[in-house]
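So you can see what is in the structure, the chains are spelled out below.
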Amino acid sequence: MLKMWKTEDSVEEWEMKVKIIGGGKVDKLKTSVVSRSSMKLWMIRAITTVLLWTCVVHLLALGEIWGPRLLKSWPSCFSNQDVELTSVPAKVVLPPKRIYKNNGYLMVSCNGGLNQMRAAICDMVAIARYLNVTLVVPELDKTSFWNDPSEFQDIFDVDHFITSLRDEVRILKELPPRLKTRVKLGLFYSLPPVSWSNISYYTHQILPLLQKYKVVHLNKTDARLANNGLPIEIQKLRCRVNFNALKFTSQIEELGRRVVRILRERGPFLVLHLRYEMDMLAFSGCTHGCNDEETEQLTRMRYAYPWWKEKDINSEMKRKEGLCPLTPEETALVLSALGIDRNVQIYIAAGEIYGGKRRMKALANSFPNLVRKETLLGPSDLKFFQNHSSQMAALDYLVSLESDIFVPTYNGNMAKVVEGHRRFLGFKKTISLDRKLLVGLIDQYNKGSLSWDEFSSTVKEAHADRMGSPKTRVVIPDKPKEEDYFYANPQECLQLSPNLYSMEIAGLNAEACLKLDSRRTRDFILKFPQKSH
């Protein structure tokens, strides 16, 4: 600025001198001086701007390092000061997409209850992967006894399902528009695949249909893939889908965690899958303990459903063969004989028990701390789940995974799938009841042929090696229904570290899932004598 003022003073002096010399050169000299002054001013401004921007860049760089430390406690003008600051969650890294020549589109309609459909979905993903086709998100059963209108996305996290498997198989929520038009016009092939088929059946029978029609619809999916004799990659993929890709919706997971939290606050708990429900009794023809009116009602129901093929059933013969679910009264005797503490919490993972309070009386007298999701949660918590049996079953599934002991009274789909999932989570204790042996012992005890001590010791000894510990799957060639179910004991996957898959299993903390609490188990059950050989 001083230079500028000096420059202006000089200009005035020069103007006075110019007047003496002569007015002709004044304008020329004045223009030259003003021009040089403007250039100097422009250069000063330019240099100042560059310096300022350099300072700003350095300050921003320092802010990256020191800003969070210095400013983390400062109030924000744009956010609620009462909200606790949390770290930004890590970005989910998706697996790379698998690129392959698409051989067609596979549509599937699952049948049965939640866990039958769960296993079927795992099978269908494995089949689609092996055949190099595109899988359309499976359609769930809406016409069975449960009449549940739930869609896939109402139960499972469909986006997670698609993205978590994208390195194996391409999955779409729906067919592309031109193919949807073909399906509407009936230009596709629909069939029920042969039960318990090996992979060669799908290669030689289903793949040619896909290549010819472009769209194939499998309208039944229960037990359509063999338990054994499959490539190890297929078996591992079935596990990956089951234990990682089939994640329940956030709403179901949150409610499941809340139930587990409530139970944990009260102490250890046992989950009893008491499969004494109307549909099971009608389907199986098991009426032991029912009165004449109930027996007639169950028989009418069995004949009303054409897809239940077996109609004329001898209930007592079936019971003696161990093919009936234990009754609530029989269950009370068995749990007591096993040495279960009568004061332990027993969570009933089931729908409405047939016969209601009358049939539950003996069990409630023996174990007074019986609880259900309906007693642990308020009506408002369950209002969105009412009349959605599969979503209710999903809650029971999550609680069953987290229980200290899981005891199913029938080896149905939920019992098998939960048993296998608990094996994957570290061989968590699951008591597989030998119903054929038990009904014989119960009848002897009720007749007075066995004392309580004899009954109890025999029950304990018989179940010493039926607690969910590692074992090899039993294979019976040509009799897949009689051999061990893959999903009850997925041994090909149990040799692998769970870290291979997601560390979040069904929304539950993996470390908590994998940790076995033997102290809780000892609180429940007496030490079992070693089975004599």
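Residues numbered from 1 in each chain as written. Predicted model: local features only at pLDDT ≥ 70, side-chain atom pairs only at ≥ 80, totals over all residues. Heavy atoms only, no water.

In the annotation of an unreviewed UniProt entry, the protein is listed under the name O-fucosyltransferase family protein and assigned to Salix brachista. Turning to the protein, the UniProt annotation filed under Subcellular location (unreviewed entry) states: "Membrane". (UniProt positions renumbered as here; feature names shortened; annotations may be inferred.)

Q: Help me get a handle on the environment of arginine 238, residues and values and all.
A: On the secondary structure map, arginine 238 appears in helix H8 (residues 232-245). The class for arginine 238 is buried, based on a relative accessible area of 1%. In this structure the C-alpha to C-alpha distance between arginine 238 and cysteine 493, which are 255 residues apart in sequence, comes to 9.3 Å. Setting aside residues up to four positions removed in sequence, arginine 238 forms contacts with Cys122, Asp123, Ala126, Leu225, Ala226, Asn227, Leu230, Phe486 and Tyr487. (Helix = DSSP H or I, 4+ residues; strand = E, 2+ residues; numbered from the N terminus. Buried < 20%, exposed > 50% of the residue type's maximum accessible area, 1.4 Å probe, protein only. Contact = heavy atoms within 4.5 Å.)

Q: Break down the state of the cysteines for me, citing the residues and quoting the values.
A: Tallied over the entire structure, the rule returns 2 disulfides. Cysteine 239 shares a disulfide with cysteine 493; S-S distance 1.8 Å. The disulfide joining cysteine 239 to cysteine 493 has a torsion of about 90 degrees about its S-S bond and is therefore right-handed. Placement of the pair is cysteine 239 in helix H8 and cysteine 493 in helix H21 (residues 491-494), with a sequence separation of 254 residues. Overall, the relative accessible area of 0% leaves cysteine 493 in the buried class. Cysteine pairing in the protein follows 1-4, 2-3, where each cysteine in a disulfide is numbered by its order in the sequence. (Disulfide = S-S within 2.5 Å.)

Q: Requested: an account of helix H13 (residues 328-337), with residues and values cited.
A: Of all 10 residues in H13, 8 are buried, a share of seventy percent or more. At the exit of H13 stands glycine 339, carrying a positive phi of roughly 90 degrees.

Q: Tell me about unusual backbone geometry, and please be specific about residues and values.
A: The bulk of non-glycine residues show a negative phi, and the bulk of peptide bonds are trans. Even without being a glycine, tryptophan 196 presents a positive backbone phi close to 55 degrees. Here tryptophan 196 shows up in the loop between strand E4 (189-191) and helix H7 (199-213). With a phi angle near 50 degrees, alanine 223 is a residue other than glycine that sits in the positive phi range. Counting through the fold element by element, alanine 223 comes out in the loop between strand E5 (215-218) and H8. The partly exposed category is assigned to alanine 223, whose relative accessible area is 21%.

Q: I'd love a proper account of the pairing of strand E7 (residues 345-348), names of residues and values included.
A: The alternating pattern of E7 places Gln345 and Tyr347 and Ile346 and Ile348 on opposite faces, both of which are buried. With 4 bridges connecting them, strand E6 (residues 269-273) and E7 associate as parallel partners. By the bridge assignment for E7, leucine 272 is matched with isoleucine 348. The sheet contact formed by E7 and strand E8 (residues 370-371) spans 2 bridges and is parallel. Bridged to tyrosine 347 within E8 is valine 371. Following the backbone out of E7, through helix H14 (residues 356-366) and into the adjacent parallel E8, one traces a crossover that is right-handed. (Pairing = 2+ DSSP bridges. Right-handed = clockwise from strand over helix to strand, strands pointing away.)

Q: So, helix H9 (residues 250-266): which residues are in play, and what are the values?
A: Note: α-helices contain 3.6 residues per turn, so residues at a spacing of three or four share the same orientation. Between its terminal C-alpha atoms H9 stretches 25 Å, which fits the 24 Å expected from 17 residues at 1.5 Å a residue. Along H9, the residues that are buried comprise Ile252, Glu253, Leu255, Gly256, Val259, Val260, Ile262 and Leu263. (Expected span 1.5 Å × (residues − 1).)

Q: Provide a residue-level description of the sheet that holds E6, including the pertinent values.
A: Taking strand neighbours across the sheet as the criterion, the 4 strands line up as E8-E7-E6-E9 in an open arrangement whose pairing is parallel. Looking at which strands have only one partner, the edges of the open sheet turn out to be E8 and strand E9 (405-408). Sheet contacts for helix H17 (residues 389-402): E6, E7 and E9; angle to E6, the most-contacted strand, approximately 135 degrees. (Axes fitted to C-alpha atoms, helices over the stretch in contact; angles between N-to-C directions.)

Q: Describe in detail the packing of H13 against H14, supporting the description with residues and values.
A: Close contact between H13 and H14 brings their axes to 7 Å; oriented N to C, the two are set at 20 degrees. One element, H13, and the other, H14, form an angle in the roughly parallel class. Of the two elements, H13 crosses H14, and the hand of that crossing is left-handed. Where H13 approaches H14, its residues Pro328, Glu329, Ala332, Leu335 and Ser336 are matched on the opposing element by Arg359, Met360, Ala362, Leu363 and Ser366. Taken together, the residues of the contact of H13 with H14 sort by class into 6 nonpolar, 2 polar and 2 charged. (Parallel < 35°, antiparallel > 145°, perpendicular 65-115°, else oblique. Left-handed = near helix turned anticlockwise from the far one by under 90°. Nonpolar A, V, L, I, M, F, W, Y, C, P; charged D, E, K, R; others polar.)

Q: So, the pattern of salt bridges: which residues are in play, and what are the values?
A: For the structure on display, the rule yields 28 salt bridges. Here arginine 129 makes a salt bridge to glutamate 168, at a shortest N to O gap of 2.8 Å. Residue arginine 129 is located in helix H3 (residues 114-131), and its partner glutamate 168 is located in the loop between helix H5 (158-164) and strand E3 (171-172); the two are separated by 39 residues in the primary sequence. Under the relative-accessibility criterion, arginine 129 is labelled partly exposed at 26%. Shared partners join several salt bridges into a network, and the residues in it are Arg129, Asp167, Glu168 and Arg240. (Salt bridge = Lys/Arg side-chain N within 4 Å of Asp/Glu carboxyl O.)

Q: Outline the packing of aromatic side chains, listing residues and values.
A: Enumeration over the complete set of coordinates arrives at 14 aromatic pairs. Here tyrosine 201 and tyrosine 202 contribute two aromatic rings whose centre-to-centre distance is 5.0 Å and whose plane-to-plane angle is 85 degrees, an arrangement assigned as edge-to-face. Judged by its relative accessible area of 0%, tyrosine 202 falls in the buried class. A network of ring pairs unites the aromatic residues Phe152, Phe156, Phe161, Phe248 and Tyr397 as a single cluster. (Phe/Tyr/Trp six-rings, centres within 6.5 Å; stacked < 30°, edge-to-face > 60°.)

Q: Which residues make up the environment of arginine 264, and what values do they have?
A: Here arginine 264 lies in helix H9. Separated by 81 residues in the primary sequence, arginine 264 and glutamine 345 have C-alpha atoms spaced 9.8 Å apart.

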